[in-house]
Amino acid sequence: KDQVEYSDVSVITSNEDFTQSVNARNVYSYGARNDDTVDQLAGENYKVGDKIILVFPNHVKGYLALPIMLHSSSCNDYNTAGYFQDDATECVRSFSDLSSECSNLPMLSAGSYYSNFQVAMSPQAFVLSRNTTSNSSARSGSFNTSLVFTPQLSVPLLCRDNTGVLNQCSFTSPPAPVYNMTTNTCENVVTEVAYTFIYSNESSNLEQLNVSFVLENIRDNSLQKFSIKFLKEGKEDVFTKSGNPGYLVDQPILAGLLQLNLATNKKAIILSTNSKEWLTVPKATVDGFWSE
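Here is a short report on the structure shown in this document.

Analysis parameters
- Residues numbered from 1 in each chain as written.
- Predicted model: local features only at pLDDT ≥ 70, side-chain atom pairs only at ≥ 80, totals over all residues.
- Heavy atoms only, no water.
- Pairing = 2+ DSSP bridges.
- Helix = DSSP H or I, 4+ residues; strand = E, 2+ residues; numbered from the N terminus.
- Salt bridge = Lys/Arg side-chain N within 4 Å of Asp/Glu carboxyl O.
- Disulfide = S-S within 2.5 Å.
- Buried < 20%, exposed > 50% of the residue type's maximum accessible area, 1.4 Å probe, protein only.
- Core = buried A, V, L, I, M, F, W, Y, C linked by side-chain atoms within 4.5 Å.
- Contact = heavy atoms within 4.5 Å.

Structural notes on the sheet that holds strand 9 (residues 148–149)
Part 1 of the reasoning: Strand order in the open sheet formed by four strands is 2-1-6-9, with antiparallel pairing between adjacent strands. Lying at the two open borders of the sheet, with one neighbouring strand each, are strand 2 (60–63) and strand 9.
Part 2 of the reasoning: For strand 6 (residues 118–120) and strand 9, the ladder comprises two bridges, and the chain directions are antiparallel. What sits directly across from V119, in strand 9, is F149.

Quick look at the structure:
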């Protein structure tokens, strides 16, 4: 390739020379926002799509993650959930050595999704302060403890057996995953996580977070499902049916109690909101007894 030789090269020897050189080339430069701008942002409320602020031990600030699928089916754990944006995602957890990774990967443990952190009701919970030393001006963060809350575990917990059927778990608090050398399975792995946020009637503040799980024993790479939804304070969750119109694959069959309304002389099926009270099939438990 042809080489270009520059014979008249300007040498910058001072800050003034550098500033003049930048201005002469009419290019943009970028600097940090001043402290006043940052302080103003700290007092804002959540807006649609904002990251949901979490507070970890020692006042470390983070954001609620909602794992999504990468270009392959693998999980990207760095995707953040958006305020007031209902969503549902799924991705595959892959393992190189499940026996050693079973108890060490936090993504497999239910505790990682609801414990050891608090949720900021609004960005106002995060307060910026300035600590000035003799040679620098550093910024540190603190939290208003009255504007954070602890996530709640939803019960009952659901466990999926080796036939794919969901049942109520035998425990009320999800245990950490452990590897069973006899069955070669990683037990009590989270396969579904559902976040339900309750927001205030009078503001955009978050008031409560309920987290529900489905646990399962796995032998190999596993599909994980995640969902998030936002409900207004005082409003009940929407009753999800099996399909409208028609049934959806793998959804419960609607069944209830047939009753006669004497006033109208019309019959109606009274349907429970608990799908476990719909059409069920008895099966044997490990001790020989039957359950629905």
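Observations regarding the pattern of salt bridges
Part 1 of the reasoning: Under the defined criterion, the tally for this structure stands at three salt bridges.
Part 2 of the reasoning: R93 is the partner of D77 in a salt bridge, and the nearest nitrogen-oxygen pair spans 2.6 Å. Taken together, the positions of D77 in the loop between strand 4 (75–76) and strand 5 (87–93) and R93 in strand 5 put the pair 16 residues apart, joining distant regions of the chain.
Part 3 of the reasoning: Between E192 and R160 there is a salt bridge, and its shortest N-O distance comes to 2.7 Å. With E192 in strand 14 (residues 185–199) and R160 in strand 11 (residues 158–160), this residue pair connects regions lying 32 residues apart in the sequence.
Part 4 of the reasoning: A network of salt bridges, in which partner residues are shared, links R160, E192 and E216.

Details of the state of the cysteines
Part 1 of the reasoning: For the structure on display, the rule yields three disulfides.
Part 2 of the reasoning: Between the sulfur of C75 and that of C91 lies a disulfide, 2.0 Å long from S to S. Handedness here is read from the sign of the S-S torsion; for C75 and C91, about 95°, the answer is right-handed. Separated by 16 residues along the polypeptide, C75 in strand 4 and C91 in strand 5 bring together distant segments of the chain. As far as burial versus exposure is concerned, C75 and C91 are alike and both buried.
Part 3 of the reasoning: The residue that forms a disulfide with C159 is C169, at a sulfur-sulfur distance of 2.0 Å. Residues C159 and C169 are joined through a disulfide that is right-handed, its torsion about the S-S bond being 110°.

Observations regarding the nonpolar core
Part 1 of the reasoning: In terms of nonpolar packing, the biggest core is built from 40 residues, with I52, V119, Y195, F197, L206, F213 and I228 touching the most fellow members.
Part 2 of the reasoning: If you list the elements that add at least two residues to this core, you get strand 1 (53–56), strand 6, strand 9, strand 14, strand 15 (206–218) and strand 16 (222–232).
Part 3 of the reasoning: Setting aside anything within four residues of it in sequence, one finds I228 in contact with I52, L64, L66, A81, Q85, D86, D87, Y195 and F197.
Part 4 of the reasoning: F95, C102, C186 and I218 belong to the second-largest nonpolar core, a separate cluster that totals seven residues.

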